[in-house]
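In case you want the letters, here they are:
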Amino acid sequence: MKSGMAKGAQSLGFTEAPFLLSAGTIVGQKESQGPLGKLFDEHGEDKENLFGKETWEEAESEMQKRACLRAIQKAQIPQEKIRFLFGGDLLRQGTATSLGIESLQIPLFGLFGACSTSGEAIALGAMSVAAGYADYVLAVTSSHFGSAEKEFRFPLGYASQRPLSAQWTVTGSGAFVIGKEKSKVRISGVTVGKIVDYGLKDSQNMGGCMAPAACDTILANRKDFGREMEEYDQIVTGDLGYIGSTILLELLKKNGVDIEERHMDCGMKIFDQKTQDTHAGGSGCGCAAVTLGSYVLPKIIKGEWKKVLFVPTGALMSTVSFNEGESIPGIAHGIVLERAC
């Protein structure tokens with residue numbers, strides 16, 4: 001490991017920081033009707049969000065492919081220069097990713113970090129570039145409301161009533177090109193999250209399950225880098241939603257840290273709670289990814305925010321663990337994004 005790269009117990013600070021060159025975002029119809037609707041690169045035209053395919057699973061793969069191609073196009077580099085692809089999703093064995101990017105023929109690292117996958121992919125991609133293993137890498141993730149509900153909860157035709165603590169899985173995919181070539185956004189460090197389990201078992205309260213992990217990672221970032229939270233213009237969590245965000249702020253205050261004035265949650269930002277009936281907010285791998293690509297990065301590029309801590313959050317559950325009555329552990333990864341002069 002290069003001298004000065006390791007920071008504390010969980011973090012890395014890059015001596016030669018890689019750059020985030022571009023982002024590609026594609027979302028469903030509901031997401032395009034929300035507060036960020038005009039900022040996405042592409043959106044679905046029908047309520048089923050099939051993107052020309054026959055099933056929700058195929059549609060999610062199609063979204064990933066389109067997001068990747070869009071990111072590569074915006075980076076203005078030949079596809080052949082992408083050395084590795086880091087990607088994952090919520091479906092069993094990562095099928096949305098493997099089937100979606102198959103035609104791109106880029107060497108693949110398949111990942112699973114639940115809804116924190118965008119952070120995991122960006123962190124690993126940045127580490128690879130910083131270490132000299134690649135000049136360019138691609139990070140991608142996705143989720144689809146139809147495929148997620150079908151796998152983790154109830155068939156949509158069952159018409160089950162959703163509790164107010166439930167969140168709406170975002171239909172969307174975000175892809176990012178990371179490289180040595182300079183851009184206006186650099187990835188100056190990462191804080192790798194640990195599994196945090198408070199014993200919660202309610203799959204309809206994802207925010208409550210993930211909030212302790214977000215708290216743990218934010219505190220680790222503060223300790224490892226020896227910086228106060230005021231140094232960040234914004235601390236962006238992935239998909240805690242309204243309930244999880246409230247819990248996060250309370251947990252941090254108990255640890256002597258107050259980020260309320262500089263905190264933003266992607267799950268609260270992507271939908272209009274009053275008009276779109278999404279209860280506790282948005283969730284899913286695509287939630288943090290498309291919000292980062294369409295809203296957060298442009299803020300940094302324009303200089304409105306100069307330093308951001310991006311903390312996507314994930315609930316590490318599966319249909320097997322849930323059906324066997326296991327608790328739902330959480331994890332969160334921190335990515336330090338800075339405006340490059």
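In this text the structure is predicted, and so the values were computed from the model without any measurement.

Peer 1: Summarise the packing of aromatic side chains; cite the residues concerned and give the values.
Peer 2: By the definition in use, this model includes four aromatic pairs. Seen from their ring centres, Phe84 and Phe86 are 6.5 Å apart, and the 70° between their planes marks the pair as edge-to-face. Each of the two residues, Phe84 as well as Phe86, counts as buried. Relative to Trp305, the ring of Tyr295 lies with its centre 6.0 Å away and its plane at 75°, an arrangement referred to as edge-to-face.

Peer 1: I'd like a description of the packing of helix 6 (residues 206-225) against helix 7 (residues 241-254), backed by residues and values.
Peer 2: It is the contact of helix 6 with helix 7, at a shortest axis distance of 8 Å, that shows an interaxial angle of 40°. Between helix 6 and helix 7, the angle is such that the two are oblique. Between helix 6 and helix 7 lies a crossing of right-handed hand. Each of Gly207, Gly208, Ala211, Pro212, Ala214, Cys215, Ile218 and Leu219 in helix 6 lies in contact with helix 7, whose residues at this interface are Gly244, Ile247, Leu248, Leu251 and Leu252.

Peer 1: So what's going on with the state of the cysteines? Residues and values would help.
Peer 2: Going through the model one piece at a time under the given rule, you end up with zero disulfides. Sulfur of Cys68: no disulfide; nearest cysteine sulfur belongs to Cys285 and is 14 Å away. Given the relative accessible area of 0%, Cys68 is considered buried. Considering cysteine sulfurs only, Cys266 is the nearest to Cys287, which forms no disulfide, with 5.6 Å between them.

Peer 1: Run through the pairing of strand 6 (residues 108-111), naming residues and quoting values.
Peer 2: For strand 5 (residues 84-88) and strand 6, the ladder comprises four bridges, and the chain directions are parallel. Of the residues in strand 6, the one forming a bridge with Gly88 is Leu111. Handedness of the crossover joining strand 5 and strand 6 through helix 3 (residues 95-100): right-handed.

Peer 1: Now, about the environment of Ser22: what can you tell me, with residues and values included?
Peer 2: In this structure, Ser22 sits in strand 3 (residues 19-27). When its relative accessible area of 7% is taken as the criterion, Ser22 is described as buried. As for Ser22 and Leu138, which are separated by 116 residues in sequence, their C-alpha atoms are 9.7 Å apart. Once residues lying within four places of it in the same chain are set aside, the contact partners of Ser22 are Ala71, Lys74, Ala75, Ala175, Phe176 and Val177. In this structure the side chain of Ser22 is engaged in a polar contact, spanning 2.6 Å, whose partner is the backbone oxygen of Ala71.

Peer 1: Can you explain helix 7? Please cite residues and give values.
Peer 2: Spacing of three or four residues puts side chains on the same side of an α-helix, whose turn is 3.6 residues. Between its first and last C-alpha, helix 7 extends 20 Å over 14 residues, near the 20 Å set by a 1.5 Å rise per residue. Of all the residues in helix 7, the buried ones are Gly241, Gly244, Ser245, Leu248, Leu249, Leu251 and Leu252. The buried side chains of helix 7 occupy one side of the element, clustering within an arc of 165° when seen end-on. On the buried face of helix 7, the contacting elements are helix 6, strand 11 (234-237), strand 12 (263-265) and helix 8 (266-269). Just beyond helix 7, the residue with positive phi is Gly256, at close to 80°.

Peer 1: Kindly report on helix 2 (residues 56-75), identifying the contributing residues and their values.
Peer 2: Given a rise of 1.5 Å per residue, 20 residues ought to cover 28 Å, and the 29 Å separating the end C-alpha atoms of helix 2 matches this to within 8%. Looking one or two residues past helix 2, Gln76 carries a phi angle of roughly 60°, positive in sign.

Peer 1: Outline the pairing of strand 5, supporting the account with residue identities and numerical values.
Peer 2: Within strand 5, five of the five residues are buried, which leaves the element mostly enclosed by the surrounding structure. Judged by which residues are buried, strand 5 turns out to be covered on both faces: Phe84, Phe86 and Gly88 on one side and Leu85 and Gly87 on the other are all buried. Pairing analysis gives five bridges linking strand 5 to strand 7 (residues 136-143), with the strands arranged parallel. Residue Phe84 lies in a different strand from strand 7, and its bridge partner there is Val137.

Cut-offs applied
Residues numbered from 1 in each chain as written. Predicted model: local features only at pLDDT ≥ 70, side-chain atom pairs only at ≥ 80, totals over all residues. Heavy atoms only, no water. Phe/Tyr/Trp six-rings, centres within 6.5 Å; stacked < 30°, edge-to-face > 60°. Buried < 20%, exposed > 50% of the residue type's maximum accessible area, 1.4 Å probe, protein only. Axes fitted to C-alpha atoms, helices over the stretch in contact; angles between N-to-C directions. Helix = DSSP H or I, 4+ residues; strand = E, 2+ residues; numbered from the N terminus. Parallel < 35°, antiparallel > 145°, perpendicular 65-115°, else oblique. Left-handed = near helix turned anticlockwise from the far one by under 90°. Contact = heavy atoms within 4.5 Å. Disulfide = S-S within 2.5 Å. Pairing = 2+ DSSP bridges. Right-handed = clockwise from strand over helix to strand, strands pointing away. Polar contact = N/O pair within 3.5 Å; in protein donor to acceptor, adjacent residues only side chain to side chain. Expected span 1.5 Å × (residues − 1). Arc of directions from axis to C-beta.

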